[in-house]
Amino acid sequence: MIKKVLIANRGEIALRVMRSCREMGLLTVAVFSEADRTSHHVAYADEAYPIGPAVAKESYLNIDKVIATAKRCGADAIHPGYGFLSENADFARRCEEEGVIFIGPSADVIAKMGIKTEARKIMKEAGVPVVPGTEKPVTDIEDAKKVAAEVGYPIMLKALAGGGGKGMRLVHSEDEIEAAFRMSRSEAANSFGNDAIYIEKYIENPHHIEVQVLGDKYGNVIHLYERECSIQRRNQKVIEEAPSPFVKEAARQKMLAVAVEACKKIGYYSAGTLEFMMDKDQNFYFLE
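All figures in this text were calculated on a predicted structure; none of them were measured in a lab. (Residues numbered from 1 in each chain as written. Predicted model: local features only at pLDDT ≥ 70, side-chain atom pairs only at ≥ 80, totals over all residues. Heavy atoms only, no water.)

Undergrad: What's the story with the overall build of the protein chain in this structure? I'm lost.
TA: Helix and strand content of the protein chain: nine helices and 13 strands. By principal-axis analysis of the C-alpha atoms, the protein chain measures approximately 55 × 40 × 35 Å. Burial analysis of the protein chain (288 residues in total) assigns 48% to the buried set. Accessible surface, the protein chain as shown: approximately 14,400 Å² in total, 51% of it carbon and sulfur. A gap of 2 Å separates the mean positions of the 38 positive and 42 negative side-chain charges of the protein chain. (Helix = DSSP H or I, 4+ residues; strand = E, 2+ residues; numbered from the N terminus. Buried < 20%, exposed > 50% of the residue type's maximum accessible area, 1.4 Å probe, protein only. Areas by Shrake-Rupley, 256 points an atom, 1.4 Å probe, with all protein chains shown as cover. Lys, Arg positive; Asp, Glu negative; His and termini not counted. Charge placed at Lys NZ, Arg CZ, Asp CG, Glu CD.)

Here it is as structure tokens:
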């Protein structure tokens, strides 16, 4: 039985989880950096503990500190929220090893799907269409230029280990790639502790469509239909509308079936989202 949950996140994200825990009668534990000492999530939680300086890699991304705090306060489980350690397989595995429940998918699935190039490879093998791009990270600027020339501009530089628009840059020509590459790597390192970057072909005038899934540990997977997530600012979603007014019924049913089957093939359980890009002709491509 879970009685106490440590939320390994901050701000509004942590508050969402805490409110749900409170409705379920569970005790909540906040962790905070020095910069967040007076934040709302700290005051809202039943217990709160400092875990380091303002720099994320020394606090919210520090696995040892988060695990040690959970054990110190007697938390039964850790909820990672999204961002930070939520897609970190090493963190999920450490929770398993330390006897703390990780609220999320298995470490093995995170390892497969959390690294975007590996996820693309797995989905491609499962028969899911993917956006043209690299199956390995680009090592340096010259490598990026070579791949971009092969894929064809415009391209997107993306962080290998994260999401949410962090480390993402649109590049229209070779003149832009050097500066964009440096910024992408820097932002990826600061956000996810991993500066690796990969390349995808940029689909012009796309619709960003997501399918919500729920899976259990017995091989059952269901979808909760799709969301239209195309209204964005700086690659961050502003409004999500369900169902999408753009997707036609035939494409909808095909995409929903692909999402469910993909989750079954990789043994996914917990809540999750499969993200797709859809072009003007209703063709869709797996993103993450």
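Undergrad: Looking at this structure, how should I read the sheet that holds strand β12 (residues 270-278)?
TA: The pairing of strands in a sheet happens through backbone hydrogen bonds and is either parallel or antiparallel. A sheet is described by the order of its strands in space; here five strands give the open sequence β11-β10-β9-β12-β13, paired in antiparallel fashion. Taken across any chain shown, the strands that pair with only one partner, and hence form the sheet edges, are β11 (236-241) and β13 (284-286). Strand-to-strand, the axes of this sheet are offset by a mean angle of 40°, without reference to chain direction. As judged from the three bridges shared by β12 and β13, these two strands associate in the antiparallel manner. Within β13, the residue paired with M277 across the bridge is Y285. Here helix α9 (residues 249-266) sits on the sheet and contacts β9 (207-215), β10 (221-233), β12 and β13; the angle it forms with β10, its principal contact strand, is near 115°. (Pairing = 2+ DSSP bridges. Axes fitted to C-alpha atoms, helices over the stretch in contact; angles between N-to-C directions. Contact = heavy atoms within 4.5 Å.)

Undergrad: Before we go on, may I ask you to explain the layout of surface pockets in this structure?
TA: To find leftover empty space, one rolls a probe the size of a water molecule over the atoms. For the second largest pocket, the calculated volume is near 280 Å³. As for the second largest pocket, its lining consists of 13 residues, and the residues nearest its centre are V17, S20, C21, H79 and I103. The element contributing the most residues to the lining of the second largest pocket is helix α1 (residues 11-23), with five residues. Class assignment of the residues belonging to the lining of the second largest pocket gives a composition of nine nonpolar, three polar and one charged. (1 Å grid on protein atoms, 1.4 Å probe; cavity = no way out; pocket = protein on both sides within 12 Å on 5 of 7 lines; lining within 4 Å. Points joined across faces, edges and corners; volume = space filled by probe spheres on them. Nonpolar A, V, L, I, M, F, W, Y, C, P; charged D, E, K, R; others polar.)

Undergrad: Which parts of the structure should I look at to understand the sheet that holds strand β3 (residues 47-52)?
TA: Strand order in the open sheet made by the five strands is β3-β2-β1-β4-β5, with parallel pairing throughout. Pairing within the sheet leaves two strands with one partner each, and these edge strands are β3 and β5 (101-102). Judged from the five bridges that link them, strand β2 (residues 27-33) and β3 form a sheet pairing that is parallel. Opposite A30, over in β3, you have A48 as the bridge partner.

Undergrad: Honestly, a nonpolar patch on the surface in this entry has me stumped. Any pointers?
TA: Residues L214, I222 and L224 make up a contiguous nonpolar surface patch of roughly 250 Å² in combined accessible area. Of note, L214 is situated in strand β9. Residue class for L214 comes out partly exposed when judged on its relative accessible area of 35%. (Patch = residues over 30% accessible without salt bridge, like charges linked within 9 Å, V, L, I, M, F, W, Y side chains within 5 Å. Salt bridge = Lys/Arg side-chain N within 4 Å of Asp/Glu carboxyl O.)

Undergrad: Please explain the pairing of strand β6 (residues 155-159) as it appears in this structure.
TA: Regular strands have side chains that alternate between both faces of the sheet. Counting buried residues in β6 gives five out of five residues, a clear majority hidden from the surface. Residue alternation in β6 divides its side chains into two sets, I155, L157 and A159 and M156 and K158, and both sets are buried. Summarising the sheet, β6 and strand β8 (residues 197-201) pair through five bridges and their orientation is antiparallel. Its bridge partner being in β8, M156 is matched across the sheet by E200.

Everything listed here is a matter of geometry and, on its own, says nothing about what the molecule does.
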